[in-house]
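The lines below spell out each chain.
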Amino acid sequence: MNPLMHGMGMANGINPQAIQQVKRMMNMFRAASNPQQMLMQAAQQNPAIGTVMQMCNGKNPKDVFYEQCKKMGVNPDDIINQLR
């Protein structure tokens, strides 16, 4: 593990607060009557979500996720396991 990441509260390059935020968002999408509309509204309110949507435009989101993990030196399975 990178000691710098550990000092920032990040294990394996994963920020625990970010994981919790993603979990909350996943639960909101699951509960939404129209998840697509909710995603569009979230993208308007949060530029980071809009950026992710643009990155996935016409691509498999799973492939984009794995590609970005590779670029950042993060094991995608570590993130997926944290989200379970």
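Residues numbered from 1 in each chain as written. Predicted model: local features only at pLDDT ≥ 70, side-chain atom pairs only at ≥ 80, totals over all residues. Heavy atoms only, no water.

Caption draft 1: Main features of the packing of aromatic side chains. Following the criterion strictly, the structure yields one aromatic pair and no others. Ring geometry for phenylalanine 65 against tyrosine 66: centres 5.6 Å apart, planes inclined by 90°, an arrangement best described as edge-to-face. (Phe/Tyr/Trp six-rings, centres within 6.5 Å; stacked < 30°, edge-to-face > 60°.)

Caption draft 2: Examining the pattern of salt bridges more closely. Across all of its chains, the model carries one salt bridge by this definition. One salt bridge connects lysine 71 with glutamate 67, and the closest N-O pair in it is separated by 3.6 Å. In this pair, lysine 71 and glutamate 67 are both assigned in helix H5 (residues 61-72), four residues apart and thus about one turn of the helix distant. Given a relative accessible area of 40%, glutamate 67 falls into the partly exposed group. (Salt bridge = Lys/Arg side-chain N within 4 Å of Asp/Glu carboxyl O. Helix = DSSP H or I, 4+ residues; strand = E, 2+ residues; numbered from the N terminus. Buried < 20%, exposed > 50% of the residue type's maximum accessible area, 1.4 Å probe, protein only.)

Caption draft 3: Spatial organisation of the packing of helix H2 (residues 16-31) against helix H6 (residues 76-83). Following both chains from N to C, one finds H2 and H6 inclined at 55°, their axes separated by 10 Å at the closest point. The orientation of H2 with respect to H6, classified from their angle, is oblique. Of the two elements, H2 crosses H6, and the hand of that crossing is right-handed. In this structure, H2 uses Ile19, Val22, Lys23 and Met26 to contact H6, whose residues at the interface are Ile79, Gln82 and Leu83. Residue composition of the contact of H2 with H6, grouped by class: five nonpolar, one polar and one charged. (Axes fitted to C-alpha atoms, helices over the stretch in contact; angles between N-to-C directions. Parallel < 35°, antiparallel > 145°, perpendicular 65-115°, else oblique. Left-handed = near helix turned anticlockwise from the far one by under 90°. Contact = heavy atoms within 4.5 Å. Nonpolar A, V, L, I, M, F, W, Y, C, P; charged D, E, K, R; others polar.)

Caption draft 4: Molecular detail of the layout of surface pockets. In this structure, the largest pocket encloses a volume near 1,500 Å³. Lining the largest pocket are 31 residues; nearest its centre among them are Val22, Val52, Phe65, Ile79 and Leu83. Of all elements in the fold, only H2, helix H4 (47-56), H5 and H6 reach the threshold of two or more residues within the lining of the largest pocket. Per element, the largest residue contribution to the lining of the largest pocket is seven residues, and it comes from H2. Taken together, the residues of the lining of the largest pocket break down into 25 nonpolar, five polar and one charged. (1 Å grid on protein atoms, 1.4 Å probe; cavity = no way out; pocket = protein on both sides within 12 Å on 5 of 7 lines; lining within 4 Å. Points joined across faces, edges and corners; volume = space filled by probe spheres on them.)

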